[in-house]
Amino acid sequence: MKLAGWIKISAVCLSLLALSACGSTGGTGKQNSSGMAQPAKTTAQAGSGKGGVYVPNPTGKPLSEDIKDELESLHRKEAAAIPTVKEEPKGSHKGQKILIAYFTWGGRSGEVAQMIQKKIGGELYQIKRDPDYSRDYSTVLKEAAKEVDGNIKPKIAGTQPDVSKYDVIVLGYPAWWFTAPMIIPAFLEGKDLKGKLIVPYMCSYSSSFEITLPALAAAAPGARFFTGLTLDKDTDYRVIDPWLIKAGLL
């Protein structure tokens with residue numbers, strides 16, 4: 001998702017920010033009996049920062065440099081140590097309380113969230129930053145890079161839902177700078193998600209869900225993560241139903 005100058009960054013930003021694209025299936029990780037994200041000492045948490053604090057860009061280089069391959073490779077290695085649930089009993093979550101929370105910039109994550117709600121029901125919640133991200137593409141690139149480089153969790157606008165009321169959280173977002181947008185861990189952190197099933201989908205131009213999993217797992221220790229769905233530029237939305245069925249939601 002860049003190189004030293006913003007002109008080069010813009011050339012790579014389709015694969016980097018994935019602000020409006022979505023597509024094929026993806027998933028990751030080893031699975032234990034519960035599929036529960038390991039708490040403090042996974043590679044994702046202990047290996048990327050000091051004192052067990054997860055750092056989304058531990059390379060020591062700013063995102064303005066060409067570190068795409070290095071950072072994506074690191075995040076994939078971290079993701080490989082995080083267990084995910086590969087399949088739930090068919091229909092096991094039908095009728096349960098479901099929250100469909102999503103963050104969108106270009107609109108695609110929100111479109112998919114509404115599509116999923118029509119299929120499984122549940123309540124929609126749009127995660128928004130306070131103040132909102134710039135609508136100018138070059139500016140939002142800089143805003144997002146600053147948050148990742150500084151491990152800054154932005155403030156979330158408005159009143160957040162009480163996640164304790166829900167059994168399942170479907171979580172949608174794009175890929176920004178080879179990880180989840182920092183507003184996603186900001187939304188997850190500080191909430192009691194232990195034992196809850198989080199079913200994530202990630203919209204990207206070319207990256208896969210794996211690169212975003214470490215940030216999610218570090219922000220929600222004790223949650224159970226279902227194998228994430230990657231929606232890339234060549235998306236075929238027919239992949240959504242089989243994914244929801246495996247998650248026990250259809």
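As the structure is a prediction and not an experimental result, all values here were calculated from the model. Counting starts from 1 at the beginning of each chain's written sequence and moves along it residue by residue. Given that this is a predicted model, residues contribute local features only at a pLDDT of at least 70 and side-chain atom pairs are listed and counted only at 80 or more, while totals for whole chains, interfaces and linings are drawn from all residues. Computation of side-chain values: all heavy atoms of the structure, hydrogens and water removed.

Trainee: Can you break down the overall build of the chain residue by residue, with the values?
Mentor: Counting secondary structure elements, the chain contains eight helices and six strands. The helix count covers DSSP runs of H or I at least four residues long, the strand count covers runs of E at least two residues long, and both are numbered beginning at the N terminus. Of the regular secondary structure in the chain, the N- to C-terminal order runs α-α-α-β-α-β-α-β-α-β-α-β-β-α. Put simply, the chain has 250 residues, and 52% of those count as buried. Every accessible area reported is derived by Shrake-Rupley at a probe size of 1.4 Å, with residue values counting cover from the shown protein chains alone. As displayed, the chain offers around 10500 Å² of accessible surface, 51% of which is attributable to carbon and sulfur atoms. Relative accessibility thresholds used throughout: buried, under 20% of the residue-type maximum; exposed, over 50%; partly exposed, between the two (1.4 Å probe, protein chains only).

Trainee: Go over the pattern of salt bridges with me, naming the residues and quoting the values.
Mentor: We define a salt bridge as a side-chain nitrogen of Lys or Arg found within 4 Å of a carboxyl oxygen belonging to Asp or Glu. If you walk through the whole model with that rule in mind, you get eleven salt bridges. Between Glu 70 and Lys 61 there is a salt bridge, with its nearest N and O atoms 3.0 Å apart. For Glu 70, a relative accessible area of 38% puts it in the partly exposed group. By relative accessible area, which is 34% here, Lys 61 ends up partly exposed. Sharing partners across several salt bridges, the network here consists of Lys 68, Glu 72 and Arg 76.

Trainee: I'd love a proper account of unusual backbone geometry, names of residues and values included.
Mentor: Along the chain, Asp 130 connects to Pro 131 via a cis peptide bond; the corresponding omega equals 0 degrees. Among the secondary structure elements, Pro 131 is positioned in the loop between β2 (123–126) and α5 (137–150). In the Ramachandran plot, Trp 177 falls in the positive-phi region, its phi being about 50 degrees despite a non-glycine side chain. By the secondary structure assignment, Trp 177 is in the loop between β3 (168–174) and α6 (183–188). In this structure Trp 177 comes out as buried when scored by relative accessible area, which is 0%. Positive phi, normally seen in glycine, also occurs at Phe 178, with a value near 65 degrees. Considering the arrangement of structural elements, one finds Phe 178 in the loop between β3 and α6. Overall, Phe 178 belongs to the buried group, its relative accessible area being 0%.

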